[in-house]
Amino acid sequence: LSYLYIARVTPTDLAVRCVSSCQMAFPITELLNPRTDTWWTSMVRNSELPVGRGQQWVEIDCTRDKKPRRIEGVALRIPPMPQGPVAVRKFSVGWRRKWIGKGWRYDNVMMVRGPSFELLDQKGLQEFVLPEPVDACVVRITVESAATPDASCYGLLQACVF
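What comes next is a walk through the structure. Numbers given to residues run from 1 along each chain, matching the order in which its sequence is written. Reporting of local features is limited, given that this is a predicted model, to residues whose pLDDT is at least 70; pairs of side-chain atoms are given and counted only at 80 or more, and all residues count toward the totals for whole chains, interfaces and linings. For the side-chain quantities, the full set of heavy atoms in the structure was used; hydrogens and water were omitted.

Helix and strand definitions follow DSSP, with helices as H or I runs of at least four residues and strands as E runs of at least two, each counted in order from the N terminus. Along the backbone of the protein chain there are 0 helices and 10 strands. Reading the protein chain from its N terminus to its C terminus gives the helix and strand order β-β-β-β-β-β-β-β-β-β. Counting the 162 residues in the protein chain, one finds 46% classified as buried. Looking at the protein chain alone, contacts between residues at least 24 apart form 76% of all its contacts between residues at least 6 apart. About 8,800 Å² of surface is accessible on the protein chain, with carbon and sulfur atoms providing 55% of the total. Burial here depends on accessible area, computed with a 1.4 Å probe over protein chains only, as a share of the maximum for the residue type. Under 20% is buried, over 50% is exposed, and the range in between is partly exposed. Contacts are assigned to residue pairs that have any heavy atoms within 4.5 Å of one another. All accessible areas in this document rest on Shrake-Rupley with a 1.4 Å probe, and a residue is counted as covered only by the protein chains that are shown.

What follows deals with the sheet that holds strand β4 (residues 69–77). Taken in spatial order, the 3 strands line up as β7-β4-β10 in an open sheet, and their pairing is antiparallel. The open sheet is flanked by β7 (125–136) and β10 (158–161), the only strands paired with a single partner. Sheet twist, expressed as the mean angle between neighbouring strand axes with direction ignored, is 20 degrees. For two strands to pair, DSSP has to find at least two bridges joining them. As defined by bridge partners, β4 adjoins β10 across 4 bridges and the pair is classed as antiparallel. From the neighbouring strand, Arg-77 faces β10, where its bridge partner is Gln-158. Here an axis means a line fitted to C-alpha atoms, over the contact stretch when the element is a helix, while the angle between two N-to-C directions is reported on a 0 to 180 degree scale.

The next thing to look at is the pattern of salt bridges. Throughout this description, the term salt bridge denotes a Lys or Arg side-chain nitrogen within 4 Å of a carboxyl oxygen of Asp or Glu. Applying the stated criterion to the full structure yields 10 salt bridges. In this structure, Asp-13 and Arg-69 form a salt bridge, with 3.3 Å as the shortest nitrogen-oxygen distance. With a gap of 56 residues between them, Asp-13 in the segment before β1 (15–19) and Arg-69 in strand β4 connect regions that are remote in the sequence. Its relative accessible area of 9% is what places Asp-13 among the buried residues. Using a relative accessible area of 9% as the deciding quantity, one classes Arg-69 as buried. Salt-bridge contacts for Asp-135 lead to Arg-70; the nearest nitrogen and oxygen are separated by 2.4 Å.

Before going further, it helps to spend a moment on the nonpolar core. Trp-40, Ile-71, Phe-91, Val-93 and Val-161 are the most contacted members of the largest nonpolar core, which totals 36 residues. Elements supplying a minimum of two residues to this core: β1, β3 (57–61), β4, β5 (88–96), β7, β8 (138–146) and β10. Definition used in this section: a nonpolar core is a set of buried Ala, Val, Leu, Ile, Met, Phe, Trp, Tyr and Cys residues joined via side-chain atoms within 4.5 Å.

Attention now moves to unusual backbone geometry. Between Met-81 and Pro-82 the backbone carries a cis peptide bond, its omega angle lying at 5 degrees. Tracing the chain through its elements places Pro-82 in the loop between β4 and β5. At Met-24, a residue that is not glycine, the phi angle is positive and equals roughly 60 degrees. Examined against the element boundaries, Met-24 turns out to sit in the loop between β1 and β2 (40–41). In the Ramachandran plot, Lys-66 falls in the positive-phi region, its phi being about 70 degrees despite a non-glycine side chain.

Mapped onto the elements, Leu-120 comes out in the loop between β6 (111–118) and β7. A sequence separation of 42 residues divides Leu-120 from Ile-78, and the C-alpha atoms of the two residues are 9.0 Å apart. Look past the residues within four positions of Leu-120 in its chain and what remains in contact with it is Ile-78, Arg-89 and Gln-126.

Structure follows, in structure tokens:
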């Protein structure tokens, strides 16, 4: 019966898979570390695309062996105002149940869109529990808005999946 067992995700399972865009101030792998002096900041890829809702995202691999892991939620850290005008404020969580190859052509393949959440304007890691646990190989955090409505990019200090 061991083939029916789904292991819970652990910090050692996590790796930043890809991002929609990045200003490259720091490597994208810095998103998984608790330091507050490194961050991810997106860029608008194309001036013809609308700024905001659904255009920028971060994907996190939740497995090293390509087997799904039990996911209960995500945790994010942002800089509070006035230091964080481009900090992610509203976001949605999606997931992919199966592990598939990396690359642009797989961006939306089999992605299940989950609930939306809102970060508070405060320091520290903020946890968001999914309505029910999911079994997934990849989690996507999609930005819906920033702290300031007219932000042209978005930022996070830390992302975690639990």
